[in-house]
Amino acid sequence: MPSESIFEQQRQTMVIEQLRGRGIRQKAILNAFLQVPREEFVPLELRDHAYEDRALPIGHRQTISQPFVVAWMLALLNLKPTDRVLEIGSGSGYVLALLSHIVREAFGVERIEVLATAAQERLARLELANVKIKFGDGNDGWIEYQPFEKILVSAGGQEIPERLKSQLAVGGRMILPIGDEPRNQKLVQVDHLQDGSYKVKRLGRVSFVPLLSGTRQT
Ligand code: SAH
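What counts as what
- Residues numbered from 1 in each chain as written.
- Predicted model: local features only at pLDDT ≥ 70, side-chain atom pairs only at ≥ 80, totals over all residues.
- Heavy atoms only, no water.
- Axes fitted to C-alpha atoms, helices over the stretch in contact; angles between N-to-C directions.
- Helix = DSSP H or I, 4+ residues; strand = E, 2+ residues; numbered from the N terminus.
- Parallel < 35°, antiparallel > 145°, perpendicular 65-115°, else oblique.
- Left-handed = near helix turned anticlockwise from the far one by under 90°.
- Contact = heavy atoms within 4.5 Å.
- Nonpolar A, V, L, I, M, F, W, Y, C, P; charged D, E, K, R; others polar.
- Core = buried A, V, L, I, M, F, W, Y, C linked by side-chain atoms within 4.5 Å.
- Buried < 20%, exposed > 50% of the residue type's maximum accessible area, 1.4 Å probe, protein only.
- Phe/Tyr/Trp six-rings, centres within 6.5 Å; stacked < 30°, edge-to-face > 60°.
- Lys NZ or Arg CZ within 6 Å of the ring centre and 35° of its normal.
- Salt bridge = Lys/Arg side-chain N within 4 Å of Asp/Glu carboxyl O.

### Regarding the packing of helix H1 (residues 4-19) against helix H2 (residues 27-35)
Phase 1 of the analysis: Between H1 and H2, the shortest axis-to-axis distance is 8 Å and the interhelical angle comes to 150°. Viewed along their axes, H1 and H2 adopt a mutual orientation that is roughly antiparallel. As for the relative orientation of H1 and H2, their crossing is right-handed in sense. Side by side, H1 and H2 meet where Arg-11, Gln-12, Met-14, Val-15 and Leu-19 of the first sit next to Leu-30, Phe-33 and Leu-34 of the second.
Phase 2 of the analysis: Of the residues contributing to the contact of H1 with H2, the split by class is six nonpolar, one polar and one charged.

Spelled out as structure tokens, the structure:
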């Protein structure tokens, strides 16, 4: 298994080649990727692959998202240090850890209980205090902490969940993958405009695991 410093080197290479090299320019985002040890968010036997630019299995038929796609979604969100951000489909907790370095507070919802618990433990171990995660169906958002300036959905659904729209602050933005086929979606940007209306814009193609309904214990 590579030592700490090798992971650190791989992390720097990932940021320079896969993120900055492919057009991610925001310093706060690049810095967050330098701060978060992705190897801590993948199963032990996959740690050697932690800095490849691809999704990796995290058990329960789920994956940790591809770094470039995460960076792209974070860039599209136009994050501000004062933002409170909701992530649906937190899986390993990697995106929440990144968010914790960029914004004021990050909230995550995960529908598989064991993943939510493991993510919670990881975030605590990394001493990320401005992050909260709960086990639940993300289609419902997180009513207690709404409205959110930004929302990102890390799983692909067929339509924009109405309850998430309603938890988006005026002036806020949501980025989510939408598509009829599993693992083949288009990123969609939803802006909640000052006049109260929503503006929807379709962006490029992505491949996410499905956004499902309900919750699962194991
Ligand atoms: N951001 C995560 C991505 C995990 S994959 C990471 O990088 O690790 C997507 C996750 O969405 C899975 O863990 C899956 O269980 C979860 N998911 C799917 N539908 C959901 C829903 N309705 N509510 C909450 N989580 C959901």
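Next comes the rest of the account.
### A closer look at the nonpolar core
Phase 1 of the analysis: Core analysis: the biggest nonpolar cluster contains 51 residues, and Phe-33, Leu-74 and Leu-99 have the highest contact counts within it.
Phase 2 of the analysis: Going through the elements one at a time, H1, H2, strand E1 (56-59), helix H3 (67-76), helix H4 (94-102), helix H5 (113-125), strand E5 (131-135) and strand E9 (198-206) are the ones with two or more residues in this core.
Phase 3 of the analysis: In this structure Leu-99 touches Leu-74, Leu-79, Val-85, Ala-106 and Leu-152, once residues within four positions along its chain are discounted.
Phase 4 of the analysis: By size, the runner-up hydrophobic cluster in this structure holds 15 residues, among which are Leu-86, Phe-107, Leu-164 and Val-190.

### Details of the packing of aromatic side chains
Phase 1 of the analysis: Under the definition given, this model contains seven aromatic pairs.
Phase 2 of the analysis: Ring geometry for Phe-7 against Tyr-51: centres 6.4 Å apart, planes inclined by 50°, an arrangement best described as tilted. Of the two residues, Phe-7 is situated in helix H1 and Tyr-51 in the loop between H2 and E1; the sequence distance between them amounts to 44 residues.
Phase 3 of the analysis: Tyr-51 sits in the buried class, given a relative accessible area of 6%.
Phase 4 of the analysis: Considering the side-chain rings of Phe-41 and Tyr-94, the 5.5 Å spacing of their centres and the 65° angle between planes classify their relative orientation as edge-to-face. On the criterion of sequence distance, the pair formed by Phe-41 in the loop between H2 and E1 and Tyr-94 in helix H4 is long-range, its members being 53 residues apart.
Phase 5 of the analysis: Judged by relative accessible area, which is 1%, Tyr-94 ranks as buried.
Phase 6 of the analysis: One aromatic cluster is present, built from ring pairs that chain together Phe-107, Trp-142, Tyr-145 and Phe-148.
Phase 7 of the analysis: Of note, Arg-22 hangs over the ring of Phe-68, and the distance from its end group to the ring centre comes to 4.0 Å.
Phase 8 of the analysis: Seen from the ring of Tyr-94, Arg-38 lies directly overhead, with NZ or CZ sitting 5.6 Å from the centre.

### A look at the pattern of salt bridges
Phase 1 of the analysis: Tallied over the entire structure, the rule returns 10 salt bridges.
Phase 2 of the analysis: Residues Glu-40 and Arg-125 are paired through a salt bridge, measuring 3.5 Å at the closest nitrogen-oxygen approach. Placement of Glu-40 in the loop between H2 and E1 and of Arg-125 in helix H5 is noted, with a sequence separation of 85 residues between them.
Phase 3 of the analysis: Between Arg-84 and Glu-105 there is a salt bridge, with the nearest N and O atoms lying 3.4 Å from each other. Taken as a pair, Arg-84 in strand E3 (residues 84-88) and Glu-105 in strand E4 (residues 105-110) lie far apart in primary sequence, 21 residues in all.
Phase 4 of the analysis: Within the structure, one salt-bridge network assembled from shared partners comprises Glu-40, Arg-47 and Arg-125.

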